[in-house]
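Chains, contacts and geometry: an overview
One letter stands for each residue in the lines below.
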Amino acid sequence: MLKSLTGALVAVAMAVLVVPAETARASEAVAMLSPFAANMAVSGSTSTPIGYAQFCEAMPAECGGGNGRAGRVVVNEAEFHQLKQVNDEVNRRIQPMTDIDHYGEVERWTYAEDGYGDCEEYVLVKRRELIRLGWPPETLLITVVRDKKNAGHAVLTVVSDRGDLILDNQEAPILLWHETGYRFVKRQAQGNPDRWVSLGDVLAPATVGRAK
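Attention in this report is confined to the structure presented alongside it. Predicted model, so just to flag it, every value in this text is computed and none were measured.

Looking now at the overall build of the protein chain. Looking only at helices and strands, the protein chain has 6 helices and 9 strands in total. The 212 residues of the protein chain split such that 42% are buried. Taking contacts inside the protein chain between residues at least 6 apart in sequence as the whole, the part at least 24 apart equals 64%. Surface summary for the protein chain: the accessible area is close to 11,000 Å², and the carbon and sulfur share equals 58%.

Right, let's talk about the side chain of Asp147 for a bit. The residue Asp147 is located in the loop between β4 (140-146) and β5 (152-160) in this model. What makes Asp147 buried here is its relative accessible area of 4%. Among the polar contacts listed, one links the side chain of Asp147 to the side chain of Gln170, at a separation of 3.2 Å.

Here we take up the nonpolar core. In terms of nonpolar packing, the biggest core is built from 34 residues, with Tyr52, Phe55, Leu83, Trp109, Leu130, Trp135 and Val158 touching the most fellow members. Secondary structure elements with two or more residues in this core: α3 (50-58), α4 (77-93), α6 (119-132), β4, β5 and β6 (163-167). Per-element accounting of this core gives the leading share, 6 residues, to α6. Look past the residues within four positions of Val158 in its chain and what remains in contact with it is Val73, Leu83, Trp135, Thr139, Leu140, Gly163, Asp164, Leu165 and Leu167. Core analysis: the next-biggest nonpolar cluster, separate from the first, contains 7 residues, Met40, Val155, Ile166 and Tyr182 among them.

The strands making up a sheet associate through backbone hydrogen bonding, with each pair oriented either parallel or antiparallel. Taken together, the 7 strands give an open sheet; going across it, the order is β1-β9-β8-β4-β5-β6-β7, and neighbouring strands pair in antiparallel fashion. The outermost strands of the open sheet, each flanked by one partner alone, are β1 (45-46) and β7 (175-176). In the packing of α6 onto the sheet, contacts are made with β4, β5, β6, β8 (183-189) and β9 (192-198), and the angle to β5 comes to roughly 20 degrees.

Spanning 17 residues, α4 covers 24 Å between terminal C-alpha atoms, matching the ideal 24 Å at 1.5 Å per step. A side-chain oxygen of the first residue of α4 lies 3.0 Å from the backbone nitrogen of Ala78; this N-cap is Asn76.

The space that makes up the largest pocket amounts to roughly 350 Å³. Around the largest pocket, the lining is made up of 24 residues, and of these Glu62, Arg127, Ile131, Pro137 and Pro193 lie nearest the centre. Counting residues per element, the ones that place at least two in the lining of the largest pocket are α3, α6, β4 and β8. Of all the elements, α6 adds the most residues to the lining of the largest pocket, at 5 residues. Per-class residue counts for the lining of the largest pocket are 13 nonpolar, 6 polar and 5 charged.

Strand direction decides the pairing type here: β1 and β9, joined by 2 bridges, are antiparallel. Looking at the pairing, Thr46 lines up with Trp196 of β9. Here β8 hands over to β9 after 2 residues, with Gly191 in that stretch at a positive phi of 80 degrees.

This brings us to the state of the cysteines. Tallied over the entire structure, the rule returns 1 disulfide. In this model, Cys56 is linked to Cys63 through a disulfide, with the two sulfur atoms separated by 2.1 Å. On the S-S bond that ties Cys56 to Cys63, the torsion sits near -85 degrees, and the link is left-handed. Take Cys56 and Cys63: they sit in the same class, and that class is buried.

Reading the values: rules and limits
Residues numbered from 1 in each chain as written. Predicted model: local features only at pLDDT ≥ 70, side-chain atom pairs only at ≥ 80, totals over all residues. Heavy atoms only, no water. Helix = DSSP H or I, 4+ residues; strand = E, 2+ residues; numbered from the N terminus. Buried < 20%, exposed > 50% of the residue type's maximum accessible area, 1.4 Å probe, protein only. Contact = heavy atoms within 4.5 Å. Areas by Shrake-Rupley, 256 points an atom, 1.4 Å probe, with all protein chains shown as cover. Polar contact = N/O pair within 3.5 Å; in protein donor to acceptor, adjacent residues only side chain to side chain. Core = buried A, V, L, I, M, F, W, Y, C linked by side-chain atoms within 4.5 Å. Pairing = 2+ DSSP bridges. Axes fitted to C-alpha atoms, helices over the stretch in contact; angles between N-to-C directions. Expected span 1.5 Å × (residues − 1). 1 Å grid on protein atoms, 1.4 Å probe; cavity = no way out; pocket = protein on both sides within 12 Å on 5 of 7 lines; lining within 4 Å. Points joined across faces, edges and corners; volume = space filled by probe spheres on them. Nonpolar A, V, L, I, M, F, W, Y, C, P; charged D, E, K, R; others polar. Disulfide = S-S within 2.5 Å.

Next comes the structure, spelled out in structure tokens:
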């Protein structure tokens, strides 16, 4: 009887340990999509980045037009895969170049139509591509941070039911905001892209120009 029970316990243990390779890879791919992930807390209105203001002046059709909505986009495995595809493709498509080297200006935000740009170009193109694919604009927010070198940097925040996901040109994986190691300064307000809200770090960078 004891021998039989021992054999059964060993069999159960082996069944738990043996996981099909495909299942393991899928679990790894969406491991960060945890129901315990948090969304950032935002506070009141703050100043608009000068680069964004100049971008809107030069391309007014690309700004304004908010729908006044907030909320979170539902991200399942298929949606996350699409986010990763867009993030990876844009990171490959745009070659890093600072605004000084590119335009002879300290700060310029645009769509990198010539294939070169720094952080804000990556963000603008990713946001445009995702909106074209049907993602709700109010959940795709240009965000200003201080990166690991304490430099001004721009990333795209996706406000999701799994937490705030960060699409970045400095890091290949899509991470939750609190996994990035960045200090979050400000971002577009949901439903009103021309208004900016504070994210708690009051040390706002003068420019957001890191290419890579």
